[in-house]
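Fold and geometry: a report
Below, each chain spelled out in residue letters.
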Amino acid sequence: MSHEPRLRFTVPGAQPEAVVLLLHGGEPHQLARVRPFDVSVLRMIPFGRSVIRAGGGRIAVATLRYAVRGWNGDQESPLRDARWAIDRIAERFGDLPVGLIGHSMGGRVALRVGDYAGVCSVAALAPWLPPGELIPPMVGRTVLLAHGTADTRTDPQETSKLAERFGVQGVDVKLVKFPGARHSMLFPARPWHDLVAGFMIRSLLAPLPEGPTAPPSR
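For every chain, the first residue of the written sequence is number 1, and numbering continues from 1 onward in sequence order. At least 70 in pLDDT is required for a residue's local features to be given in this predicted model, at least 80 for side-chain atom pairs to be given and counted, and no such filter applies to totals for whole chains, interfaces and linings, which use all residues. As a rule here, side-chain values cover all heavy atoms of the structure and leave hydrogens and water aside.

1. With respect to the nonpolar core
Among buried residues, the Ala, Val, Leu, Ile, Met, Phe, Trp, Tyr and Cys ones that are joined through side-chain atoms within 4.5 Å form a nonpolar core. Exposed residues in this analysis have more than 50% of their type's maximum accessible area, buried residues have under 20%, and partly exposed residues fall in between, with area computed by a 1.4 Å probe over protein chains only. Formed by 36 residues in total, the largest nonpolar core has its most connected members in Leu21, Leu23, Leu100, Leu111, Leu145 and Phe166. What counts as a helix is a DSSP run of H or I of at least four residues, what counts as a strand is a run of E of at least two, and both are numbered from the N terminus. Only β2 (18-23), β3 (59-65), α3 (77-93), β4 (98-103), α4 (105-112), β5 (119-125), β6 (142-148) and α5 (156-169) provide two or more residues apiece to this core. Ranked by residues supplied to this core, first place goes to α3 with six residues. Contact criterion: two residues are considered in contact whenever any of their non-hydrogen atoms come within 4.5 Å of each other. Those residues in contact with Leu21, other than ones at most four positions away along the chain, are Leu7, Ala62, Leu64, Ala82, Ala85, Ile86, Ile89, Gly99, Leu100 and Ile101. Core analysis: the second largest hydrophobic core is formed by 25 residues, Val20, Ile59, Val61 and Leu144 among them.

2. Looking at the sheet that holds β2
If DSSP finds at least two bridges between two strands, the strands pair. Read from one edge to the other, the open sheet built from seven strands follows the order β1-β3-β2-β4-β5-β6-β7, with strand pairing classed as mixed. Each end of this open sheet is capped by a strand with a single partner; those strands are β1 (6-10) and β7 (172-178). Looking at each pair of strands side by side, their axes are set apart by 15° on average, direction ignored. Of the strands in this sheet, β1, β2, β3, β4 and β5 touch helix α2 (residues 45-55), which is tilted by about 170° from β3. Angles shown run from 0 to 180 degrees and are taken between the N-to-C directions of axes, each axis being a line fitted to C-alpha atoms and, for helices, limited to the stretch in contact. Lying on the sheet, helix α6 (residues 190-204) is in contact with β2, β3, β4, β5, β6 and β7; it crosses β5 at an angle near 165°.

3. A short note on the pattern of salt bridges
Just to be clear on terms, a salt bridge is a Lys or Arg side-chain nitrogen sitting within 4 Å of an Asp or Glu carboxyl oxygen. Across all of its chains, the model carries nine salt bridges by this definition. Here Asp38 and Arg69 are joined by a salt bridge, their closest N and O atoms 3.5 Å apart. In this pair, Asp38 is assigned in the loop between β2 and α1 (39-42) and Arg69 in the loop between β3 and α3, connecting sequence segments 31 residues apart. Here Asp38 matches Arg69 in class, with each residue buried. Residue Arg108 is joined to Glu133 by a salt bridge in which the shortest nitrogen-to-oxygen separation is 2.9 Å. Of the two residues, Arg108 is situated in helix α4 and Glu133 in the loop between β5 and β6; the sequence distance between them amounts to 25 residues.

4. Quick word on α5
A helix is expected to span 1.5 Å multiplied by its residue count minus one. With 14 residues, α5 extends 20 Å from end C-alpha to end C-alpha; this agrees with the ideal 20 Å at 1.5 Å per step. Among the residues of α5, Pro156, Glu158, Thr159, Ser160, Leu162, Ala163 and Phe166 are the ones counted as buried. Against the buried residues of α5 lie α4, β6 and β7. N-cap assignment for α5: the residue whose side-chain oxygen lies 2.8 Å from the backbone N of Gln157 is Asp155. Where α5 ends, the next residue or the one after it, Gly170, has phi of about 85°, a positive value. Here a polar contact is taken to be a pair of N or O atoms separated by no more than 3.5 Å, where protein atoms must pair a possible hydrogen donor with a possible acceptor and residues adjacent in sequence count only if both atoms sit in side chains.

5. Quick word on the pairing of β2
Counting buried residues along β2, six of its six residues qualify, which places the element largely inside the surrounding structure. Burial of the side chains of β2 extends over both faces: Ala18, Val20 and Leu22 are buried on one face and Val19, Leu21 and Leu23 on the other. Direction of pairing for β2 relative to β3: parallel, over a ladder of six bridges. The residue of β3 that forms the bridge with Leu22 is Thr63. Sheet topology note: the β2/β4 ladder contains five bridges and is parallel. Residue pairing in the sheet places Leu23 in a bridge with Gly102 of β4.

6. Describing α3
Taking 1.5 Å as the rise per residue, α3 with 17 residues should run 24 Å; its terminal C-alpha atoms sit 25 Å apart, in good agreement. Along α3, the residues that are buried comprise Ser77, Pro78, Leu79, Asp81, Ala82, Ala85, Ile86, Ile89 and Phe93. The inward-facing, buried residues of α3 abut β1, β2, β3, β4, α4 and β5.

7. Here's the deal with the side chain of Asp81
Structurally, Asp81 is set in helix α3. Residues scored as positive are Lys and Arg, those scored as negative are Asp and Glu, and His as well as the terminal groups of each chain are ignored. For the buried Asp81, which has no salt bridge, the nearest side chain bearing the opposite charge is Arg80, at an N-O separation of 4.5 Å. Contacts of Asp81, omitting those with residues within four sequence positions, involve Pro5, Leu64, Tyr66 and Ala67.

8. Some remarks on unusual backbone geometry
For the bond from Phe187 to Pro188, the omega torsion is 0°, close enough to zero to count as cis. Along the chain, the position of Pro188 falls in the loop between β7 and α6. Of note in the backbone geometry, Glu76 takes a positive phi value of approximately 45° without being a glycine. With respect to the helices, strands and loops of the structure, Glu76 is situated in the loop between β3 and α3. With a phi close to 60°, Ser104 is a non-glycine residue in the positive phi region. Within the secondary structure, Ser104 is located in the loop between β4 and α4.

All quantities given are derived from atomic positions and should not be read as evidence of function.
This is how it looks when you write it as structure tokens:
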């Protein structure tokens, strides 16, 4: 039985200025269908809410559920789903800038499709980066890499190495380490949400014009 990816939009304003795509985590090998109440899916919901709140209606959020839960070796199952989702975003919103937020396997997905047309910024959180992972050129994109130092499921050292490579390549990259934080991005979760929301606001939105200044008093 084949499964299909699912994409849901939250559009808080009449005319959004950017779109953020949420990319959840998964497993190395798993062909089971992704369910809406899977922990990896639920984990991304607060990130979308934080972006919407911080954006004040200027950013729409697209939530992707992959067709299956696993990366699945050479099949690289979630990559085609992510590219499909970016295409659907372009169909609906035209050439609005797109930001990607991915956790764990979703961080790997975000980095692998970060060079896709329309993508302007990438936030990879505790990304799964196997040794020798081929990351496409990111020059012209803005990249946030964040990892907990106590993560035992994905390797924070690989994330630091990637940040160094990006820096050498001239990529606009920021590395944030959360001392003692584990893979789940909890306890506390708020710093992760605030970090990513602020990053998306700065990287996707033009600054609002300042209001008129009051005339000098006489």
